[in-house]
Amino acid sequence: MRLLLAHPEVEIGALTAKASAGSVLASHHPHLTPLADRVVVETTRENLAGHDVVFLALPHGASAEVAAELGEDVLVIDSGADFRLADPAAWQTFYGTPHAGCWPYGLPELPGQRPLLAATRRIAVPGCYPTAVTLALQPALLGGLVDGRDVVVVAASGTSGAGKVPKSHLIAAEIIGSVSAYGVGGVHRHVPEMLQNFALLGAAQPTVSFTPVLVPTSRGILATVTAPLRRPTGADEVRSAYVDAYHDEPFVTVLPEGVWPLTQSVLGSNGVHVQATIDAAANRLVAVAAIDNLTKGTAGGAIQSMNIALGLPETLGLSAVGVAP
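Residues numbered from 1 in each chain as written. Predicted model: local features only at pLDDT ≥ 70, side-chain atom pairs only at ≥ 80, totals over all residues. Heavy atoms only, no water.

Undergrad: Is there a simple way to think about the packing of aromatic side chains in this case?
TA: Each aromatic ring pair is characterised by the separation of its centres together with the angle its planes make. Within this structure, the stated rule accounts for 3 aromatic pairs. Ring geometry for tyrosine 129 and phenylalanine 210: centres 5.0 Å apart, planes at 70°, overall edge-to-face. Taken together, the residues tyrosine 129 in helix H6 (residues 128-142) and phenylalanine 210 in strand E8 (residues 208-214) connect sequence positions 81 residues apart. Accessibility expressed as a relative area gives 1% for phenylalanine 210, which makes it buried. (Phe/Tyr/Trp six-rings, centres within 6.5 Å; stacked < 30°, edge-to-face > 60°. Helix = DSSP H or I, 4+ residues; strand = E, 2+ residues; numbered from the N terminus. Buried < 20%, exposed > 50% of the residue type's maximum accessible area, 1.4 Å probe, protein only.)

Structure below.
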């Protein structure tokens, strides 16, 4: 909603919810002052009727029922996981509910994705971790520097990725001054999404060991991705592959040589900062990407995809400039 308020082609319609229905928006998001007096209504077919675009931000397993009630002419953009995975078995393994299907994937930077988004009225927004990890590794996969096997990811994220439901391990007394790993051992639900993206980028038998880390900040993801090099490769060749892959991307910046991504540099923006080199002793590529998990990792990516689907300039209403310090 914050981003859409600054979008010159958008008029915000109904704001819907379940438990919060009947309350005013200011009681939940006082920073959204232009919408402060809006009453949140129930998520029903009647309340969603008449909208050109509907954004869904529901628990997994809930989006399909709502989307089925909306006409094919309505652009439905799902920020949840329901329609991200093409493989029903992978969905069942990681989510344990019936597979709802697969929609075009809202990561425009993937090769060939923009035409798919321009021709659809159903979009699945990527997960925040897969967004950062995919964009960190993509040029190396496309350039044949790595083959997608034995990929190791350690990604640090702020607490906003867990939502606003009160949880004891996220209260200030527990998180401030502490760093902790979670979802260890390949059980995080974003693992199959990463593997799916690697396969789309040409990896024949991709594998990934993913360890997410919770850090005491409200927002941002810093993903460090390593993978074995397929052949002798120098740091200059790696850099050239990344610069060539992203030179036309409006939201992806390959940082100057020797400068490494910082989450504060992309705070509040739809920007992605990337850097890559080699670890010669280990014969591995090392790539690092920083995103704001709430912007490029979710809402910004959704609006970027909306712009493409509606035939609007892709960057409309979005900025690649962070608000640091």
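Still to come is the rest of the account.
Undergrad: Honestly, the pairing of E8 in this entry has me stumped. Any pointers?
TA: The two faces of a sheet get side chains in turn, since along a regular strand they alternate between them. In terms of burial, E8 is a largely internal element, 5 of the 7 residues being buried. In this structure, strand E6 (residues 151-157) lies alongside E8, joined through 7 bridges in parallel fashion. Looking at E8, one finds that alanine 155 is bridged to proline 212. Bridging between strand E7 (residues 180-181) and E8 involves 2 bridges; their strand directions are antiparallel. Bridged to alanine 181 within E8 is valine 213. (Pairing = 2+ DSSP bridges.)

Undergrad: Is there a simple way to explain the packing of H6 against helix H8 (residues 191-200) in this structure?
TA: To describe two helices that pack against each other, one gives the angle between their axes and the distance between the axes. Where H6 contacts H8, the two axes come as close as 10 Å, and the packing angle between them is 25°. Taken together, H6 and H8 sit at an angle that is classed as roughly parallel. Seen from above, H6 lies across H8 with right-handed handedness. Across the interface between the two elements, Tyr129, Pro130, Val133, Thr134, Leu137 and Leu141 from H6 touch Glu193, Met194, Asn197 and Phe198 from H8. Partitioning the contact of H6 with H8 into residue classes produces 7 nonpolar, 2 polar and 1 charged. (Axes fitted to C-alpha atoms, helices over the stretch in contact; angles between N-to-C directions. Parallel < 35°, antiparallel > 145°, perpendicular 65-115°, else oblique. Left-handed = near helix turned anticlockwise from the far one by under 90°. Contact = heavy atoms within 4.5 Å. Nonpolar A, V, L, I, M, F, W, Y, C, P; charged D, E, K, R; others polar.)

Undergrad: Explanation requested: empty space enclosed by the protein in the structure shown.
TA: Gaps between atoms show up when a probe of the same size as a water molecule is rolled over them. One pass over the structure, following the stated rule, counts 1 cavity of 30 Å³ or more. The volume enclosed by the largest cavity comes to roughly 40 Å³. Forming the walls of the largest cavity are Gly106, Leu107, Val125, Pro126, Thr131, Lys296, Gly297, Thr298 and Gly301. The greatest single-element share of the lining of the largest cavity, amounting to 4 residues, is contributed by helix H10 (residues 295-309). Here the residues of the lining of the largest cavity sort into 3 nonpolar, 5 polar and 1 charged. (1 Å grid on protein atoms, 1.4 Å probe; cavity = no way out; pocket = protein on both sides within 12 Å on 5 of 7 lines; lining within 4 Å. Points joined across faces, edges and corners; volume = space filled by probe spheres on them.)

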